[in-house]
Amino acid sequence: DQQVKQNSPSLSVQEGRISILNCDYTNSMFDYFLWYKKYPAEGPTFLISISSIKDKNEDGRFTVFLNKSAKHLSLHIVPSQPGDSAVYFCAASADQAGTALIFGKGTTLSVSS
Amino acid sequence: EPEVTQTPSHQVTQMGQEVILRCVPISNHLYFYWYRQILGQKVEFLVSFYNNEISEKSEIFDDQFSVERPDGSNFTLKIRSTKLEDSAMYFCASTGDRGNTIYFGEGSWLTVV
């Protein structure tokens, strides 16, 4: 039972263009969403988050959009850089302190120069 | 910047042996977690720990697993009798009282042979 789904296992983008990573969720109790970036043999690194009271959160080149009615969120990276090449995990939790994160399977982003 | 540290970075063990993975969470954090990632699969939640007891655990966290906070700084995951399918990267994570952003360590590679 996948509560958090990342249906695209991989995405290839040219440097300077926009990368859009998508995530869908099924559990209506989720109301806090995070994106993590992960390099091989390293732990996930927190990138950006969004609470359900917002529909957009921006941090530099990274913007996360949330569509609660569609149970969908996306991460936009613009402009994409080769150093952005990594696996991106979408994660969700219910808005309680300490609640475990549920992760999607990840999308491997490759940014070519 | 404070970080979650894990030891060992890599351990090879024989099937049936006990393994202890160690973690030092970020010092003012109160919630602690173990996650794992089997090669090529998604990051999976194992267990969360708060106020010296397990607050949540997944189906994966069966009787062969245990967690402990023995001395107020370390947080350990013990696997009593390892199986081949326990081979994975194990991530420790922690979060503060009210925040939901979970910060991960670099991971411990466990290889069971």
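I will try to describe carefully the structure that is included in this document. Everything numeric here is computed off the predicted structure, so don't read it as measured data.

Cut-offs applied
- Residues numbered from 1 in each chain as written.
- Chains lettered and ligands numbered in written order.
- Predicted model: local features only at pLDDT ≥ 70, side-chain atom pairs only at ≥ 80, totals over all residues.
- Heavy atoms only, no water.
- Helix = DSSP H or I, 4+ residues; strand = E, 2+ residues; numbered from the N terminus.
- Rg over C-alpha atoms; globule rule 2.2 N^0.38 Å.
- Contact = heavy atoms within 4.5 Å.
- Lys, Arg positive; Asp, Glu negative; His and termini not counted.
- Charge placed at Lys NZ, Arg CZ, Asp CG, Glu CD.
- Buried < 20%, exposed > 50% of the residue type's maximum accessible area, 1.4 Å probe, protein only.
- Pairing = 2+ DSSP bridges.
- Buried area = accessible area lost by both parts, 1.4 Å probe.
- Salt bridge = Lys/Arg side-chain N within 4 Å of Asp/Glu carboxyl O.
- Polar contact = N/O pair within 3.5 Å; in protein donor to acceptor, adjacent residues only side chain to side chain.

What follows is about the overall build of chain B. Helix and strand counts for chain B stand at zero helices and 11 strands. Listing every helix and strand of chain B by position from the N terminus yields β-β-β-β-β-β-β-β-β-β-β. Here chain B has a C-alpha radius of gyration of 13 Å; the compact-globule value for 113 residues is 13 Å, and the two agree. Principal axes of the C-alpha set define a box for chain B whose edges measure 40 × 25 × 25 Å. For chain B, contacts bridging at least 24 residues in sequence account for 52% of all contacts bridging at least 6. Considering chain B, the positive charge centre built from 9 side chains and the negative charge centre built from 15 side chains are found 3 Å apart.

We now examine the pairing of strand β3 (residues 19–24) of chain B. Residue and element names in this part refer to chain B. Residue alternation in β3 divides its side chains into a buried set, Val19, Leu21 and Cys23, and an unburied set, Ile20, Arg22 and Val24. Inspection of the sheet shows strand β1 (residues 5–7) paired to β3 by three bridges, in the antiparallel sense. Within β3, the residue paired with threonine 5 across the bridge is valine 24. The pairing of β3 with strand β8 (residues 75–79) spans five bridges and is classified as antiparallel.

Contact with chain B, which involves 22 residues of that partner, is made by 23 residues of chain A. For the pair chain B and chain A, the summed buried area comes to about 1800 Å², and 59% of that belongs to carbon and sulfur atoms. Here chain B is connected to chain A by zero salt bridges. Where chain B packs against chain A, one counts five residue pairs in polar contact (both at pLDDT 80 or more).

As a further point, take the sheet that holds strand β6 (residues 56–59) of chain A. Residue and element names in this part refer to chain A. If you walk across this open sheet you meet the five strands as β1-β3-β8-β7-β6, and the pairing is antiparallel. Lying at the two open borders of the sheet, with one neighbouring strand each, are β1 (4–5) and β6. Relative to strand β3 (residues 19–25), β1 runs antiparallel, the two sharing two bridges. Considered in β3, the bridge of valine 4 is made with tyrosine 25.

In this section: the environment of Ser110(A). In this structure, Ser110(A) sits in strand β11 (residues 107–112). Separated by 27 residues in sequence, Ser110(A) and Gly83(A) place their C-alpha atoms 9.1 Å apart.

On to the environment of Ser52(A), then. All names here are of chain A. Within the element layout of this structure, serine 52 appears in the loop between β5 (45–51) and β6. Overall, serine 52 belongs to the buried group, its relative accessible area being 18%. Once the C-alpha coordinates of serine 52 and leucine 21 are considered, the two residues, 31 residues apart in sequence, prove to be 18 Å apart. The residues touching serine 52, leaving out its near neighbours within four places in the chain, are Asp31, Leu66 and Lys68.

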